[in-house]
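Understanding the architecture of this molecule
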Amino acid sequence: MKFGLLTYVLGLAAGALAGIAPVENIQSILAKPKVLCGRFDQTKQLVGLKKPLSSNGRFCVIAGKGVLWRSLKPFSTTVKLTRDQIIQIQGERVTLRIDAQREPAVQMIHAILFGLLAGDLSALEKLFVLEGEVHEKSWSVTLKAREPALAKVLDGIALKGGVFVKAITIAEANGDLTKIVFSAIQTGDEAMSADEAALF
């Protein structure tokens with residue numbers, strides 16, 4: 001259940017670094033705002049389909065609170081992820097609620113998703129082996145799952161960025177490929193709309 005749930009959340013929307021760039025070097029480039037919001041454009045290529053599925057919307061990463069993922073097109077759906085629960089909202093109706101007390105994997109999924117969006121590599125090291133490179137003020141990192149059960153779901157994850165994470169590529173073991181590009185990034189409390197702030 002927990003790895004199927006992880007694949008679902010990532011679709012929405014590590015000991016040591018084995019490359020030439022230690023985690024500390026990349027972390028020193030990344031900004032660490034308390035609130036980070038922006039636009040995402042996502043494409044998912046499913047095995048057996050010629051045309052990829054596309055979506056876009058907004059995201060917010062709030063340190064100490066969680067992640068907000070708001071798909072605006074083609075359908076309006078909001079996913080709120082905290083350490084304690086995952087909530088999916090359509091309109092004003094909650095269509096999915098998963099509590100960490102019933103599904104302990106929620107905390108792991110929160111750590112992974114928050115780490116990916118915020119570029120918090122230290123939060124990802126426990127579950128993934130990282131290989132990275134730094135080129136002046138830009139960097140790239142690939143992640144390979146340490147746990148065999150997780151590796152059966154995820155073939156690998158790639159991150160690219162500078163001061164902020166700019167792109168994430170998620171390769172699933174079944175051949176599906178998800179690419180997410182981030183833009184129009186803002187930081188600080190003013191980065192969130194009133195509706196987004198109200199959800200926290």
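Notes on the structure in this doc start here. Nothing here was measured: the structure is a model prediction, and the numbers come from that model. (Residues numbered from 1 in each chain as written. Predicted model: local features only at pLDDT ≥ 70, side-chain atom pairs only at ≥ 80, totals over all residues. Heavy atoms only, no water.)

So, on to the state of the cysteines. On inspection of all chains with the given rule, the structure shows one disulfide. Residue Cys-37 pairs covalently with Cys-60 via a disulfide, S to S 2.2 Å. When the S-S torsion is 115°, as for the bridge of Cys-37 with Cys-60, the disulfide is right-handed. Within this pair, whereas Cys-37 is found in strand S1 (residues 35-45), its partner Cys-60 is found in strand S2 (residues 53-62), the two being separated by 23 residues in sequence. Both residues of the pair, Cys-37 and Cys-60, belong to the buried class. (Disulfide = S-S within 2.5 Å. Helix = DSSP H or I, 4+ residues; strand = E, 2+ residues; numbered from the N terminus. Buried < 20%, exposed > 50% of the residue type's maximum accessible area, 1.4 Å probe, protein only.)

Attention now goes to the sheet that holds strand S4 (residues 77-81). Reading across from one edge, S6-S5-S4-S3-S2-S1-S11-S10-S9-S8-S7 is the order of the 11 strands in this open sheet, with antiparallel pairing throughout. Each end of this open sheet is capped by a strand with a single partner; those strands are strand S6 (93-99) and strand S7 (128-135). The sheet shows a mean angle of 15° between the axes of neighbouring strands, direction not considered. Pairing of strand S8 (residues 138-145) with strand S9 (residues 154-161) involves five bridges; the strand directions are antiparallel. Paired with Trp-139 across the bridge in S9 is Gly-161. Strands in contact with helix H3 (residues 105-118) are S1, S2, strand S3 (66-73), S4, strand S5 (85-90), S6, S7, S8, S9, strand S10 (165-172) and strand S11 (177-187); relative to S3, the strand with the most contacts, it is inclined by about 70°. (Pairing = 2+ DSSP bridges. Axes fitted to C-alpha atoms, helices over the stretch in contact; angles between N-to-C directions. Contact = heavy atoms within 4.5 Å.)

With that out of the way, let us pick up unusual backbone geometry. Following Lys-73, the chain continues to Pro-74 via a peptide bond in cis, the omega torsion being 5°. Among the structural elements, Pro-74 can be located in the loop between S3 and S4. The backbone of Glu-136 shows a phi angle near 55°, a positive value even though the residue is not glycine. When you line up the elements, Glu-136 lands in the loop between S7 and S8. Positive phi is not limited to glycine here, since Ala-184 has a value of about 50°. Turning to its location among the elements, Ala-184 is positioned in strand S11.

Looking at the element boundaries, Lys-80 is found in strand S4. No salt bridge is formed by the buried Lys-80; the nearest opposite charge belongs to Asp-84, separated by 9.2 Å. Side-chain polar atoms of Lys-80 contact the backbone oxygen of Leu-199, separated by 2.6 Å. Filtering out sequence-adjacent residues up to four positions away, Lys-80 remains in contact with Val-67, Leu-68, Gln-85, Ile-86, Ile-87, Leu-199 and Phe-200. (Lys, Arg positive; Asp, Glu negative; His and termini not counted. Salt bridge = Lys/Arg side-chain N within 4 Å of Asp/Glu carboxyl O. Polar contact = N/O pair within 3.5 Å; in protein donor to acceptor, adjacent residues only side chain to side chain.)

What follows is about H3. Helix length check: H3, at 14 residues, gives a terminal C-alpha distance of 20 Å against a target of 20 Å (1.5 Å per residue), a fit within 8%. Most of H3 is tucked away, with 11 of its 14 residues classed as buried. Buried within H3 we find Ala-105, Val-106, Met-108, Ile-109, His-110, Ile-112, Leu-113, Phe-114, Gly-115, Leu-116 and Leu-117. One or two steps after H3, the chain reaches Gly-119, where phi turns positive at roughly 70°. (Expected span 1.5 Å × (residues − 1).)

Right, let's talk about the nonpolar core for a bit. In terms of nonpolar packing, the biggest core is built from 42 residues, with Phe-128, Leu-143, Ile-157, Ile-168 and Phe-182 touching the most fellow members. Looking at which element gives the most residues to this core, the answer is H3, with eight residues. Setting aside residues up to four positions removed in sequence, Phe-182 forms contacts with Arg-39, Phe-40, Phe-59, Trp-69, Leu-117, Val-165, Lys-166, Ala-167 and Ile-168. Core analysis: the next-biggest nonpolar cluster, separate from the first, contains seven residues, Val-35, Cys-37, Cys-60 and Ala-191 among them. (Core = buried A, V, L, I, M, F, W, Y, C linked by side-chain atoms within 4.5 Å.)

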